[in-house]
Amino acid sequence: MGRRIPLAVVASALALAGALGCLAWTWVRQPGRRPSPLTEPITSYVRVVDGNAKLFISGEPVDILGLFPTNETIEYIDKASRYGLLFCRVRLEWAFLDEVTVDYFKRNPGMLATLKKLVHEGRLRDAIELLPDFPVPEDASAWIRWEVLDELLDYAASKGVYLIIDFHYLTPPIWWVKAFPDQLQTNGTGTLSYMPTFNSPALIKYASQVIRALVARYKRHPALLGWGLSFGWTVEDNYPGPAYYASWGIYDYSPCAIKRFREWLRERYGNDTGALRAAWGDPAVSFSNATPPLPLPRPASAAEWVLYLNGPGDTRRAWLDWCEFRLQEKVSCMLYFANLYKSLD
């Protein structure tokens, strides 16, 4: 079968639509005409036509028109059907598809509110301490509540509405958070964020298991239009922040990220310790002890702000290396998952 999206060409438009709560361009179906139930699998892809992204379904061009609900998914599938829209993009949080996570909160009423409160106070470490030790699966897909997704796709098909499935792998289950706190995004003061480090080995391993099973199970489902890519904690391709998301400061200083930064430096400087020391102006730094620098102190007065804003910024080579590393890390993580989906469907 043909490649499905993950709508990479129109990702920026979808991100904007997510901020607004919906997505609407030109009509693909006549408004008010309810579509027929979907009964056959389709192929889908995006191609650039006359400089614009164009969606094709089974070889035929269609206009892009749909909804991007952040919750109340069934309600928005009904609305898409009622108004003759093509699709809904549905965001599926890994944590709430995981049966161990859901079962734990059912058996411990009130714990979810407690954990949320601690997380929003920047106390995820304290929240993790409250959690019991959980088993770690051999295959994380075995713990997914597939019946929830079966019902969702079958319902969408009955309403004649396609779905773009956005498996949000950067909101991991509680067993993952408990088992791998050193692979959570960490700011410069040591505060954890409920988001895995980009390219965390445990993220790659377990999220990939779920994605492989997800694609194998639904790639021939009549309601499937494509796969949505979920890059960051807030669906944005970025690091955690700011306080609105209970995360403060600059990320990522996790042990996992520091290890990867040292590997990146070794490659950047051709395993030449002397070149690293000369660039950083530090005779003691090496590829085994290099640490991501903290930001410069905040300007203390209006005069200092004027000098800072009109100056060259932070010109430390260590800082520039770390900023470039951070950008490359999120891009490589994005491309890993994009290529995984493409290889599977």
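Predicted, not measured: the structure shown is a model, and the values here were computed from it. Residue positions within a chain follow its written sequence, with the count starting from 1. Where local features are concerned, this predicted model is filtered to residues with pLDDT of at least 70; where side-chain atom pairs are given and counted, the filter is 80 or more; whole-chain, interface and lining totals use all residues. For side-chain calculations, the full set of non-hydrogen atoms in the structure is used, while hydrogens and water are omitted.

(A) Broad picture of the overall build of the protein. Secondary structure elements follow DSSP: runs of H or I of four or more residues count as helices, runs of E of two or more count as strands, with numbering from the N terminus. When you go through the protein residue by residue, the secondary structure sums to 13 helices and 10 strands. Each of the 345 residues in the protein was classed as buried or not, and the buried ones make up 47%. Note on contacts: a residue pair qualifies if any of its non-hydrogen atoms lie within 4.5 Å across the two residues. Within the protein, residue pairs in contact and separated by at least 24 positions form 74% of the contacts whose partners lie at least 6 positions apart. Type-normalised accessible area, obtained with a 1.4 Å probe on protein chains alone, sets the label of each residue: buried when under 20%, exposed when over 50%, and partly exposed for intermediate values.

(B) View of the pairing of strand 10 (residues 224-228). Taken across its 5 residues, strand 10 has 5 buried, putting it largely inside the fold. The sheet contact formed by strand 7 (residues 162-168) and strand 10 spans 4 bridges and is parallel. Looking across to strand 10, one finds that Ile164 is bridged to Gly226. DSSP-based pairing: two strands are paired if at least 2 bridges between them are found.

(C) Spatial organisation of the pattern of salt bridges. Criterion for a salt bridge: a side-chain nitrogen of Lys or Arg within 4 Å of a carboxyl oxygen of Asp or Glu. For the structure on display, the rule yields 15 salt bridges. Glu263 is the partner of Lys259 in a salt bridge, and the nearest nitrogen-oxygen pair spans 2.8 Å. Separated by 4 residues within a single helix, Lys259 and Glu263 lie in helix 10 (residues 255-268), roughly one turn from each other. Take Glu263: its relative accessible area is 41%, and that puts it in the partly exposed class.

(D) Highlighting the pairing of strand 3 (residues 52-57). When strand 2 (residues 44-49) meets strand 3, the two strands line up antiparallel, connected through 6 bridges. For Val49, the partnering residue across the bridge sits in strand 3 and is Asn52. Two successive antiparallel strands, strand 2 and strand 3, enclose a turn made up of 2 residues, where Asp50 displays a positive phi of approximately 55°. Note that strand 3 and strand 4 (residues 60-62) share 3 bridges and pair antiparallel. Directly across from Ile57, in strand 4, lies its bridge partner Glu60. Adjacent in sequence and paired antiparallel, strand 3 and strand 4 are bridged by 2 residues, among which Ser58 carries a positive phi angle near 50°.

(E) Focus on helix 7 (residues 146-158). In a helix, the anticipated span is given by 1.5 Å times the number of residues less one. The end-to-end C-alpha distance of helix 7 is 18 Å, a good match for the 18 Å that 13 residues give at a rise of 1.5 Å each. Of all the residues in helix 7, the buried ones are Trp146, Leu149, Leu152, Leu153, Ala156 and Ala157. The arc enclosing the buried residues of helix 7, seen along the axis, measures out at 130°, which places them on a common side. Positioned one or two residues after helix 7, Gly160 has a phi angle of 75°, which is positive. The arc under discussion is defined with respect to the helix axis, by the directions toward the C-beta atoms.

(F) Broad picture of the sheet that holds strand 2. Spatially, 3 strands are ordered 2-3-4 in an open sheet, and the strand pairing comes out antiparallel. Only two strands of the sheet have a single partner each, and these edge strands are strand 2 and strand 4. Neighbour-to-neighbour, the strand axes of this sheet turn through a mean angle of 45°, independent of strand direction. Throughout, an axis means a line fitted to C-alpha atoms (over the contacting stretch in the case of helices), and angles, computed between N-to-C directions, take values from 0 to 180 degrees.

(G) Layout of the packing of helix 9 (residues 201-218) against helix 13 (residues 317-344). Look at helix 9 against helix 13: their axes get within 10 Å of each other, and the N-to-C directions meet at 30°. Considering the angle they form, helix 9 stands roughly parallel to helix 13. Read as a crossing pair, helix 9 and helix 13 show a hand that is right-handed. Packed against helix 9, whose contacting residues are Leu203, Ile204, Ala207, Ser208, Ile211, Arg212, Leu214 and Val215, the element helix 13 presents Cys333, Tyr336, Phe337, Leu340, Tyr341 and Leu344 at the interface. Tallied by class, the residues present in the contact of helix 9 with helix 13 amount to 12 nonpolar, 1 polar and 1 charged. In this scheme, roughly parallel covers angles under 35 degrees and roughly antiparallel covers those over 145, while 65 to 115 is roughly perpendicular and the rest are oblique. For a crossing to be left-handed, the near helix must be turned anticlockwise from the far one by less than a right angle; the clockwise case is right-handed. Basically, the charged four are Asp, Glu, Lys and Arg, the nonpolar ten are Ala, Val, Leu, Ile, Met, Phe, Trp, Tyr, Cys and Pro, and anything else, Gly included, counts as polar.

(H) A look at unusual backbone geometry. A positive phi angle, close to 55°, is found at Asp50, a residue other than glycine. Relative to the helices and strands, Asp50 resides in the loop between strand 2 and strand 3. When its relative accessible area of 74% is taken as the criterion, Asp50 is described as exposed. Positive phi, close to 50°, is recorded for Glu72, a residue that is not glycine. Structurally, Glu72 is set in the loop between strand 5 (65-67) and helix 2 (73-82). Exposure remark for Glu72: the relative accessible area of 47% places this residue in the partly exposed category.

(I) Looking closely at the packing of helix 10 against helix 13. Axis separation between helix 10 and helix 13 bottoms out at 10 Å; the angle between their running directions is 110°. As judged from the angle between their axes, helix 10 and helix 13 are roughly perpendicular. Contacts between helix 10 and helix 13 pair Ala257, Arg260, Phe261, Trp264, Leu265 and Arg268 from the former with Arg317, Asp321, Trp322, Glu324, Phe325, Gln328 and Glu329 from the latter. For the contact of helix 10 with helix 13, the class distribution of residues is 6 nonpolar, 1 polar and 6 charged.

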